[in-house]
Amino acid sequence: MTDEGSSIDPTTPSIARVYDYLLGGKDNYAVDREIGDVFKRDLPGSVAIAFANRAALIRAIAQIATTTDVRQFVDLGSGLPTADNVHQVAQRHAPESRVVYVDTDPQVLVHGRALLEQNDRTRVVMADVRNPADVRTHPGTLELIDFDRPVAVVLSAVLHHVNDDEDPAGIVRHWRDHVPCGSYFFVSHFRSGDNPETEEAERTLQRTFGRGRWRTDAEIAALLEGLDILEPGIVPAPLWRPDTADSLWSDGGERELTVWERLIVAALARKP
């Protein structure tokens, strides 16, 4: 993982930049595009995972901002900015919302510094999500987040990059134990499909980054132990509270999800 003072390394692939490339962004290098092209070329349709995940995240932030009193968000493993970031969605519905982005990629920090010039209710913290105490007590976090009030903890497409021996359940448990009742947790996660697509995608991530763990619905639910998982539960991301204008229903009837759309699930949970 990268320290806060480290420089950007354009010769080593970055998970954040690969996601950026798959989403159509421009903040990536040839080494990132090479990995992204493996998914595009060898695993056709897999790019739908990135878009399905992003759309579910946008819907979840909008739901929290419009249906609860939570006005502070901690986005763990936030990645590079793209369209409709957490602070943009939250502040569109509740302008007083405060957002802390957390990532280890120094390029995220570069973008974050530019972001700070435009938005004083947003911070970017360079820290490792696998060390939640460091994230929670970071001066940049404490500058915006009042942990005596409910918080929305965002774990969008990050826990599947935490291997089992790195204790992903412990990460969630730390946050659960250090935020007040009434806090929310949004999680999206690669889901085991018991099919060749799942196995090949998992092998590609492990081969490239040394991490990438697909989990079953039961394993994902276990990560949220002690939290109330809200309706509709742990479901494929396109089916998590879809908008009425969602393309799934644009033809007047529900279409069948692709195998790729079923490989990313989303869930919203609340600390009772």
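Just above sits the structure.
This write-up is about the structure you can find in this document. (Residues numbered from 1 in each chain as written. Predicted model: local features only at pLDDT ≥ 70, side-chain atom pairs only at ≥ 80, totals over all residues. Heavy atoms only, no water.)

1. Side note on the side chain of Ser97
Mapped onto the secondary structure, Ser97 falls in the loop between α4 (86-93) and β2 (98-103). In contact with Ser97, not counting residues within four places along its chain, are Arg71, Phe73, Ala90, Gln91 and Arg121. (Helix = DSSP H or I, 4+ residues; strand = E, 2+ residues; numbered from the N terminus. Contact = heavy atoms within 4.5 Å.)

2. A short note on the packing of aromatic side chains
Applying the stated criterion across every chain, the model contains three aromatic pairs. Between the aromatic rings of Phe186 and Trp240, the centroid separation amounts to 6.0 Å while the plane-to-plane angle is 70 degrees, which identifies the pairing as edge-to-face. Remark: Trp240 occurs in the loop between β7 (235-236) and β8 (264-270) and Phe186 occurs in strand β5 (residues 184-190); sequence separation between them is 54 residues. Neither residue differs from the other here; Phe186 and Trp240 are each classed as buried. With a centroid separation of 4.2 Å and an interplanar angle of 25 degrees, the aromatic rings of Phe190 and Trp214 are classed as stacked. Separated by 24 residues along the polypeptide, Phe190 in strand β5 and Trp214 in the loop between α9 (196-209) and α10 (217-223) bring together distant segments of the chain. Residue Phe190 is classed as buried on the basis of its relative accessible area, which comes to 6%. (Phe/Tyr/Trp six-rings, centres within 6.5 Å; stacked < 30°, edge-to-face > 60°. Buried < 20%, exposed > 50% of the residue type's maximum accessible area, 1.4 Å probe, protein only.)

3. Re the pairing of β5
Counting buried residues in β5 gives seven out of seven residues, a clear majority hidden from the surface. The alternating pattern of β5 places Tyr184, Phe186, Ser188 and Phe190 on one face and Phe185, Val187 and His189 on the opposite face, and all of these are buried. Of the strand pairs in this sheet, strand β4 (residues 152-156) and β5 are connected by five bridges, and their pairing is parallel. Bridge pairing in β5 links Ala152 to Tyr184. Bridge count for β5 against β8 is seven bridges, and the pairing is antiparallel. Of the residues in β8, the one forming a bridge with Phe185 is Ala269. (Pairing = 2+ DSSP bridges.)

4. Considerations on the environment of Thr198
Tracing the backbone shows Thr198 in helix α9. Residue classification places Thr198 among the buried residues on the basis of a relative accessible area of 4%. In the structure, Thr198 is positioned 62 residues away from Trp260 in sequence and 8.5 Å away in space, judged by C-alpha atoms. With near-sequence residues (within four places) excluded, Thr198 lies in contact with Arg191, Ser192, Gly193, Trp214 and Leu263.

5. Overview of the pattern of salt bridges
This structure, assessed with the given rule, holds 15 salt bridges. Here Arg17 makes a salt bridge to Asp105, at a shortest N to O gap of 3.9 Å. Within this pair, whereas Arg17 is found in helix α1 (residues 15-22), its partner Asp105 is found in the loop between β2 and α5 (106-116), the two being separated by 88 residues in sequence. The partner of Arg173 in a salt bridge is Asp167, with the nearest N and O atoms 3.8 Å apart. Arg173 sits in the partly exposed class, given a relative accessible area of 38%. Connected through salt bridges with shared partners, the residues Asp164, Arg213, Arg215 and Glu219 form a single ionic network. (Salt bridge = Lys/Arg side-chain N within 4 Å of Asp/Glu carboxyl O.)

6. Details of the packing of α1 against helix α2 (residues 30-42)
The N-to-C vectors of α1 and α2 enclose an angle of 55 degrees; their axes lie 9 Å apart at closest approach. The angle between α1 and α2 places the two elements in the oblique class. In terms of crossing hand, the pair formed by α1 and α2 is right-handed. Counted together, Arg17, Val18, Tyr21 and Leu22 of α1 and Val31, Asp32, Arg33, Ile35, Gly36, Asp37 and Lys40 of α2 form the full contact between these two elements. (Axes fitted to C-alpha atoms, helices over the stretch in contact; angles between N-to-C directions. Parallel < 35°, antiparallel > 145°, perpendicular 65-115°, else oblique. Left-handed = near helix turned anticlockwise from the far one by under 90°.)

All quantities given are derived from atomic positions and should not be read as evidence of function.
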